[in-house]
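A structural walkthrough
Spelled out, the chains give:
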Amino acid sequence: MKKIAGVMAAAFLCLLLPMQAQAVSARSAVVIDGATGFVLFDQNADEQLPMASTTKIMTAITAIENYDIDREYTVKKEYTQVEGSSMYLREGEAITLRDTLYGLMLMSGNDAALAVAGECGGQAHFIGLMNETAARLGLTNTHFDNPNGLDSETHYTTARELAELAAYAMKNEQFREIVGTKSYNEAGRYMKNHNKMLTLYDGCCGVKTGFTKKSGRCLVSAAERNGRLLVAVTLNAPDDWNDHAAMLDSAFAQYQPYTLHEAGAILRTQPIEGGSAASSVLRAGATVELYLTQREHEMLETAFVGSRFTYAPVTAGSTYGTVEYRVGDAVLAQDTLTFETGAALLPEEKGAPARLIDRLRGLLSPKQDE
């Protein structure tokens, strides 16, 4: 009986182990926080591998950031002559780049990829822009040979860098709207998103599937819960849907709620120059609650964003600025700060704008060597 109880306890303990101790079907996998970039799970995340149509994440964000995607163009014959998945562009039809991007990301159209690149400076120029974007983002183990993800010897990325790219792209509202769309109609053309995670997983809001015989099944997914966006990537994963559900569940379980301040809380006392009151306390506008990992909570910093110097007159209830909660360069939450009390301008200060200007010059000018 004791032996059975011990086995059951061990089994239960295994369920509680962090995802880091579990394996997924993927050759390479990672989950990162979309804001901070912190890695929540990784499995061989830095191996250079082909990424198939997840390439189109870079194709889409490059077009969105550099070109007018509402421009209409006429489909050329060469755009339609490509193997693999298609949005079924027709030679001579007029269509916008925006609608083409829906075909690119929902139907994984290789024809759409050629059209986007062709209409955005030409294939060679556009692929150059893709690689320039990768370099700008610090993706040193990523290289693109084409805009669609068809196999090529020097077309590769890593799970980690693909996740970083997707997290970056998801900050763009136009990109996020496209990849989060389950179906789309364009001039009688019905497009259904191939990314089943949008319906299989609660909170999923993108991003892209991919497959070739060489790369195997590739998947990038993004999900948001409690205000935190996570990005998961698997490369060469036979069981990718289940892998992503398990990875994301385990990653979200690492977060817990923290109350950073209550509405009306006094967060700071701000000095006031030249007024009837020497200072005023700053009160928070709303309660700020945030889901954080333990590591993020340990690294959390508070920053006050507002004028360095406050001069009378000040009105009670007026806005000073904001308080920000940061982890590294990422601002995870913010709130408005207001003055609790006012301060009238002292009579002797009313006729002294010149003295105020001289005081400012003295404060801001560099000190002279004595």
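For the structure, see preceding data.
Observations regarding the overall build of the chain
Within the chain one finds 13 helices and 16 strands. For the chain, the residues scored as buried account for 47% of the 370 residues in total.

Quick word on the side chain of T293
Mapped onto the elements of the fold, T293 is located in the loop between β13 (288-292) and α11 (294-299). Only 3.1 Å separates the side chain of T293 from the backbone nitrogen of E296, close enough to count as a polar contact.

Brief notes about the nonpolar core
Counting residues in each nonpolar core, the largest one holds 61 residues, and the members touching the most others are I57, L101, M105, F175, V231 and V233. Apart from the residues within four sequence positions on either side, L101 is in contact with A60, A63, I64, I69, V116 and I178. L40, M197, L230 and A237 belong to the second largest nonpolar core, which has 21 residues in total.

Overview of helix α2 (residues 56-66)
Within α2, 9 of the 11 residues are buried, which leaves the element mostly enclosed by the surrounding structure. Where α2 is concerned, the buried positions are K56, I57, M58, T59, A60, I61, T62, A63 and I64.

Points about unusual backbone geometry
In this model, A312 is joined to P313 through a cis peptide bond whose omega is 5°. Structurally, the position occupied by P313 is in the loop between β14 (301-306) and β15 (319-327). Positive phi, close to 55°, is recorded for N44, a residue that is not glycine. With respect to the element layout, N44 can be found in the loop between β2 (39-43) and α2. For N44, a relative accessible area of 40% gives the class partly exposed. In this structure, N226 is a non-glycine residue whose phi angle is positive, near 55°. Looking at where N226 falls in the secondary structure, it is placed in the loop between β8 (216-225) and β9 (228-235).

Topic: the sheet that holds β15
The 5 strands lie next to each other as β11-β12-β16-β15-β14, forming an open sheet whose pairing is antiparallel. The open sheet is flanked by β11 (266-271) and β14, the only strands paired with a single partner. When the angles between neighbouring strand axes are averaged without regard to direction, this sheet yields 30°. In the sheet, strand β12 (residues 279-284) pairs with strand β16 (residues 330-339) via 3 bridges, with the strands oriented antiparallel. Note on β16: the bridge partner recorded for L282 is F339.

Each value, and the rule that gives it
Residues numbered from 1 in each chain as written. Predicted model: local features only at pLDDT ≥ 70, side-chain atom pairs only at ≥ 80, totals over all residues. Heavy atoms only, no water. Helix = DSSP H or I, 4+ residues; strand = E, 2+ residues; numbered from the N terminus. Buried < 20%, exposed > 50% of the residue type's maximum accessible area, 1.4 Å probe, protein only. Polar contact = N/O pair within 3.5 Å; in protein donor to acceptor, adjacent residues only side chain to side chain. Core = buried A, V, L, I, M, F, W, Y, C linked by side-chain atoms within 4.5 Å. Contact = heavy atoms within 4.5 Å. Pairing = 2+ DSSP bridges. Axes fitted to C-alpha atoms, helices over the stretch in contact; angles between N-to-C directions.

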